[in-house]
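Inside the fold
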Amino acid sequence: MNDILERLAIILEERKNADPKHSYVANLYQAGQDKILKKLGEEAIETILAAKSMERDAIIHETADLWFHSLVMLADYGLRPEQVLNELDRRFGLSGLEEKANRGKDNDDG
């Protein structure tokens, strides 16, 4: 796979200091966490609707928007895409049921 997630992460970090009048991402950062999370939710809904339409191009387009806004959210929290990729790698080979059961145990301790 190519390095697009890392390249986007670098740009998203740079946009934290950009002029919100000239950068969509800087505008999101300036608007704050609630705006970023609202936009992420909107993109999730649009992705679901695209999937329901079964239109391949719409699914790809909306999933790209969802992933992009997920990266904006991660950057807002000071997280990097490789942290999510590392978590996916950790789960690789685990049964989904087993992984979910392990999360339940972790949540009971807190």
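Residues numbered from 1 in each chain as written. Predicted model: local features only at pLDDT ≥ 70, side-chain atom pairs only at ≥ 80, totals over all residues. Heavy atoms only, no water.

Structural notes on unusual backbone geometry
Peptide bonds are, in most cases, trans, and in most cases residues other than glycine have a negative phi. Condition: Numbered from the N terminus, helices here are DSSP runs of H or I no shorter than four residues, and strands are runs of E no shorter than two.
Phi is positive for Met-54, which is not a glycine, with a value near 60°. Secondary-structure assignment places Met-54 in the loop between helix H3 (33-53) and helix H4 (56-76).

Section: H4
Helical periodicity: at 3.6 residues per turn, an α-helix aligns residues three or four positions apart in one direction. Short version of the rule: How far a helix is expected to stretch is found by multiplying one less than its residue total by 1.5 Å. Whether a residue is buried, partly exposed or exposed follows from its accessible area with a 1.4 Å probe, protein chains only, as a fraction of its type maximum: under 20%, in between, or over 50%, in that order. Throughout, a contact is declared for two residues whenever any of their heavy atoms are within 4.5 Å.
A rise of 1.5 Å per residue sets the reference length of H4, with its 21 residues, at 30 Å; its end C-alpha atoms lie 30 Å apart and thus fit the reference within 8%. Three or more residues of H4 are buried, namely Glu-62, Leu-66, His-69, Leu-71, Val-72, Met-73, Leu-74 and Ala-75. The inward-facing, buried residues of H4 abut helix H1 (4-15), helix H2 (24-31), H3 and helix H5 (81-91). Immediately downstream of H4, the backbone of Gly-78 shows phi near 75°, a positive value.

Some words on the packing of aromatic side chains
Applicable threshold: Pairs were defined over the aromatic rings of Phe, Tyr and Trp, the Trp ring being its six-membered one, requiring ring centres within 6.5 Å. Orientation was assigned from the angle between planes: stacked under 30 degrees, edge-to-face over 60, tilted for the rest. Look at NZ for Lys and CZ for Arg. If either is within 6 Å of the ring centre and within 35 degrees of the ring normal, a charge sits over the ring.
One pass over the structure, following the stated rule, counts zero aromatic pairs. The ring centre of Tyr-29 lies 5.8 Å from the NZ or CZ of Lys-16, which sits over that ring.

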